[in-house]
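Read off the chains here:
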Amino acid sequence: MDWLEIVLPIAKSIALALIVLLVGLAVIRVITKFVAKGIDRSKMDDTLKPFLTSMAGTILKILLVLTVVQILGVDITSFVAIIAAAGFAIGLAFQGALANFAGGVLLLTLRPIRVGDYVEGGGYSGTVQGIKILYTELVTPDNKVIFVPNASLSNTGLTNYNVKETRRVDFAFGAGYETNADYVIQSLTEIVSKHPLVFQDPAPFVKISEHGESAVVYTVRVWSKSEDYWTVHFDVMEDVKKWFENDELSIPYPQMDVNVSQKH
């Protein structure tokens with residue numbers, strides 16, 4: 001009888017704690033979805049939406065854990081005191097997580113990147129899909145999702161390709177030394193000037209930039225809208241190749257003459 005009197009209350013507490021935990025997690029999922037829909041419908045900046053949704057879910061889970069601990073009969077005050085006593089060890093264990101959280105706050109406060117921007121940083125590149133509490137989601141051009149720790153993005157150099165509305169597209173083309181330089185410069189200028197997405201102000205830049213070992217290198221620089229960068233890049237590359245073919249000009253490449261002598 002004494003044994004049952006000791007075990008039953010503990011079993012009831014554990015069972016109640018498990019029920020509260022399972023029901024609480026289900027309720028949190030529903031609340032998080034509801035909050036996410038409300039945030040999506042709001043006029044809030046798209047960059048803040050995933051962070052706030054993730055934050056809401058984390059806070060609710062922390063409250064749930066404290067509730068479950070209290071049901072198990074652990075005094076919250078004592079529980080907090082234990083955590084404080086083990087604070088040093090916990091701080092070391094979660095050092096990376098805290099750094100990532102701080103990095104997320106910096107990214108959202110300073111706004112070097114926003115959802116929809118194509119960025120390069122932390123050794124990765126892609127379009128920002130969302131800034132969460134601990135990591136940022138990047139989508140690569142081939143549709144892979146990369147989860148980059150916020151600390152990596154906030155503590156290293158970041159390149160944002162969408163901050164400015166215009167971008168310069170640079171090219172380098174080689175032509176043989178026997179080809180008339182004025183003709184090459186005029187032809188390249190006409191090719192890039194005819195492209196509908198290339199700006200005429202500032203005017204396209206075409207100049208000789210290098211006397212290479214096997215070719216004269218011509219540098220071409222044009223300006224376009226940021227979203228048209230790759231279209232201009234690939235179109236001009238194709239148009240120049242066709243011009244070489246139509247004018248029967250050869251694209252120089254490194255060559256080596258080898259003389260073989262035979263001794264009799």
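Parameters and conventions
- Residues numbered from 1 in each chain as written.
- Predicted model: local features only at pLDDT ≥ 70, side-chain atom pairs only at ≥ 80, totals over all residues.
- Heavy atoms only, no water.
- UniProt positions renumbered as here; feature names shortened; annotations may be inferred.
- Pairing = 2+ DSSP bridges.
- Helix = DSSP H or I, 4+ residues; strand = E, 2+ residues; numbered from the N terminus.
- Axes fitted to C-alpha atoms, helices over the stretch in contact; angles between N-to-C directions.
- Contact = heavy atoms within 4.5 Å.
- Buried < 20%, exposed > 50% of the residue type's maximum accessible area, 1.4 Å probe, protein only.

As recorded in an unreviewed UniProt entry, the protein goes by Mechanosensitive ion channel protein MscS and comes from Salimicrobium humidisoli. Turning to the protein, the UniProt annotation filed under Subcellular location (unreviewed entry) states: "Cell membrane". Quoted straight from UniProt, the Sequence similarities (unreviewed entry) entry for the protein says "Belongs to the MscS (TC 1.A.23) family."

Q: It is not clear to me how the sheet that holds strand 7 (residues 205-211) should be interpreted in this structure. Could you clarify?
A: If you trace the three strands from one edge of the open sheet to the other, you get 6-8-7, paired in antiparallel fashion. Each end of this open sheet is capped by a strand with a single partner; those strands are strand 6 (166-175) and strand 7. Ignoring which end each strand starts from, the neighbouring axes of this sheet average 25° apart. Pairing of strand 7 with strand 8 (residues 216-225), which is carried by six bridges, proceeds in the antiparallel orientation. Its bridge partner being in strand 8, histidine 211 is matched across the sheet by valine 216. Each of strand 6 and strand 8 is contacted by helix 8 (residues 229-246), which is oriented at about 20° to strand 6, the strand it contacts most.

Q: Can you help me understand the pairing of strand 4 (residues 145-149) in this one?
A: Each regular strand shows side chains that alternate between the opposite faces of the sheet. Burial along strand 4 is one-sided: the face carrying Ile146 and Val148 is buried and the face carrying Val145, Phe147 and Pro149 is not. Examined bridge by bridge, strand 3 (residues 135-139) and strand 4 share five bridges and lie antiparallel to one another. Counterpart to leucine 138 in the pairing with strand 4 is isoleucine 146. In this antiparallel pair of consecutive strands, strand 3 and strand 4, the connection spans five residues, and asparagine 143 shows a positive phi of 70°.

Q: Would you mind showing me how to read the side chain of threonine 140 here?
A: Counting through the fold element by element, threonine 140 comes out in the loop between strand 3 and strand 4. Setting aside residues no more than four positions away along its own chain, threonine 140 makes contact with Ser125, Gly126 and Ile146.

Q: Would you mind showing me how to read unusual backbone geometry here?
A: Comment: phi is negative for the bulk of residues other than glycine, and the bulk of peptide bonds are trans. The omega torsion across aspartate 201 and proline 202 is 5°, close enough to zero to call that bond cis. Along the chain, proline 202 turns up in the loop between helix 7 (181-193) and strand 7. In the Ramachandran plot, asparagine 143 falls in the positive-phi region, its phi being about 70° despite a non-glycine side chain. Within the secondary structure layout, asparagine 143 lies in the loop between strand 3 and strand 4.

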